[in-house]
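Summary of the model geometry
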Amino acid sequence: KGNLISLWKDSIYLNWRYVQRPETNYIIFAVIKGGIINCFVVLKIEEPKPPRRPYRTGYIVDFFCLPEQILDGELLIIESLQYLRDQNVDMVVSQSFEHCLSYKLFRNFGFLKYSEGDKLVVLNNSSHTDESDVLNLHNWQLMPGDSDTY
C-alpha cells in the first residue's frame, strides 16, 4: 500500500471552501464528538437548467467519515438524503472511487454506478514523488468538492 493522496481538510480549509462562499449555498451536516469532527457531508442543490439539466439535482459535494465511525456516517447519509427529499430534489448525485468508504456507503443506500473507467489524469511533476504511488488509483481519496467544479 502506498501513500494516501488527498486534500488536507482541516477546519481552515473546510470553512474557506464551503462556508466563506457567498456565491454558493452549501448545506453542511457533521457528527462532532468531544470537539472532533468524526463525519461530515456537504450538499448543494441546483435548479433545473433545460435542456442540459432538466432536473432539480442534489449533490453530495463532499463526504468524510472515519472508518471506525461508519455508523455515524450511515446516519449522516440518511439525514442528508431525507433533507434532499424534503427539498424536492429529483435526483442525488456524487462521485467516488470504488475503493473509497464513501462509494461503499453510497451504494448501500441505493446509489447507482453511472459510468465506467477512470477519468483522473495526473502529471508527476516532482522528482521526490514516487510515481508508483501516483499511478495507484487506490491511493487517491477525492470528492467532487475537491475541485472548483462544484
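Throughout what follows, the structure given in this document is the object of discussion. (Residues numbered from 1 in each chain as written. Predicted model: local features only at pLDDT ≥ 70, side-chain atom pairs only at ≥ 80, totals over all residues. Heavy atoms only, no water.)

Thoughts on the environment of D10
Heads up, the condition is: The numbering of helices and of strands both runs from the N terminus, where a helix is a DSSP run of H or I of at least 4 residues and a strand a run of E of at least 2. Categorising residues by exposure relies on relative accessible area from a 1.4 Å probe, with only protein chains included: less than 20% of the type maximum marks a residue as buried, more than 50% marks it as exposed, and the intermediate range marks it as partly exposed. Think of a polar contact as two N or O atoms within 3.5 Å of one another; within protein, one of them needs to be a possible hydrogen donor and the other a possible acceptor, and neighboring residues in sequence only count if both atoms come from side chains.
In this fold, D10 is placed in the segment before α1 (11-19). We classify D10 as partly exposed; its relative accessible area is 30%. Note: C-alpha distance between D10 and I37 (27 residues apart in sequence) is 9.7 Å. Side-chain polar atoms of D10 contact the backbone nitrogen of Y13, separated by 2.9 Å.

Observations concerning unusual backbone geometry
With omega at 0 degrees, the peptide bond leading from P50 into P51 counts as cis. Tracing the chain through its elements places P51 in the loop between β2 (36-46) and β3 (57-65). A positive phi angle is found at N88, which is not glycine, with a value near 60 degrees. When you line up the elements, N88 lands in the loop between α2 (70-86) and β4 (91-93).

Quick notes on the nonpolar core
Using the following cut-off: We define a nonpolar core as any set of buried Ala, Val, Leu, Ile, Met, Phe, Trp, Tyr and Cys residues linked to one another through side-chain atoms lying within 4.5 Å. Should any heavy atoms of two residues lie within 4.5 Å, those residues are counted as being in contact.
If you look at the biggest cluster of nonpolar residues, it comprises 17 residues, and the most contacted ones within it are V41, L43, I60, F63, I77 and F106. Excluding residues that lie within four positions of it along the chain, I77 makes contacts with F63, L105, F106 and F109. Judged by nonpolar contacts, the second largest core, of eight residues, contains Y18, Y26, Y59 and V61.

Let's talk about the pairing of strand β1 (residues 27-33)
Our working definition: We treat two strands as partners when DSSP finds at least two bridges between them.
Here seven bridges tie β1 to β2, and the two strands are oriented antiparallel to one another. Looking across to β2, one finds that I28 is bridged to V42. Connecting β1 to the next strand, β2, in antiparallel fashion are two residues, including G34 with a positive phi near 60 degrees.

Thoughts on the packing of aromatic side chains
Put simply, the rule reads: Only the six-membered ring of Trp is used, alongside the rings of Phe and Tyr, when aromatic pairs are assigned; centres must lie within 6.5 Å, and planes under 30 degrees apart are stacked while those over 60 apart are edge-to-face, with the rest tilted. Throughout this description, the term charge over a ring refers to an Arg CZ or Lys NZ atom that lies within 6 Å of the ring centre and within 35 degrees of the ring normal.
Per the counting criterion, the structure on display carries six aromatic pairs. Through successive ring pairs, a cluster of aromatic residues spans F63, F106 and F111. Taking the ring centre of W16 as reference, the NZ or CZ of R21 above it sits at 5.1 Å.

Notes on the packing of α2 against helix α3 (residues 101-108)
Using the following cut-off: Axis definition: a line fit to C-alpha positions, over the contact stretch in the case of helices; interaxial angles, taken between N-to-C directions, run 0 to 180 degrees. To sort the angles, those under 35 degrees are grouped as roughly parallel, those over 145 as roughly antiparallel, those from 65 to 115 as roughly perpendicular, and the leftovers as oblique. By convention, the crossing between two helices is left-handed when the near helix turns anticlockwise from the far helix through less than a right angle, and right-handed when the turn is clockwise. Each residue receives one of three labels: charged for Asp, Glu, Lys and Arg, nonpolar for Ala, Val, Leu, Ile, Met, Phe, Trp, Tyr, Cys and Pro, and polar for the others, Gly being one of them.
Between α2 and α3, whose axes approach to 11 Å, the crossing angle comes to 50 degrees. Considered as vectors, α2 and α3 are oriented oblique to each other. Like other packed secondary-structure pairs, α2 and α3 cross with a definite hand, here right-handed. Residue-level contacts link I70, E74 and I77 of α2 to L101, L105 and F106 of α3. Considered class by class, the residues forming the contact of α2 with α3 number five nonpolar, no polar and one charged.

Side note on the sheet that holds β2
On the basis of which strands lie adjacent, the open sheet formed by four strands has the order β1-β2-β3-β4 and mixed pairing. Strands with a single pairing partner mark the edges of an open sheet, and in this sheet they are β1 and β4. Pairs of neighbouring strands in the sheet enclose a mean axial angle of 20 degrees, with direction left out of account. The pairing of β2 with β3 spans eight bridges and is antiparallel. Bridging across to β3, K44 finds its partner in Y59. Strands β1, β2, β3 and β4 of the sheet are contacted by α2, whose axis makes an angle of about 20 degrees with β2.

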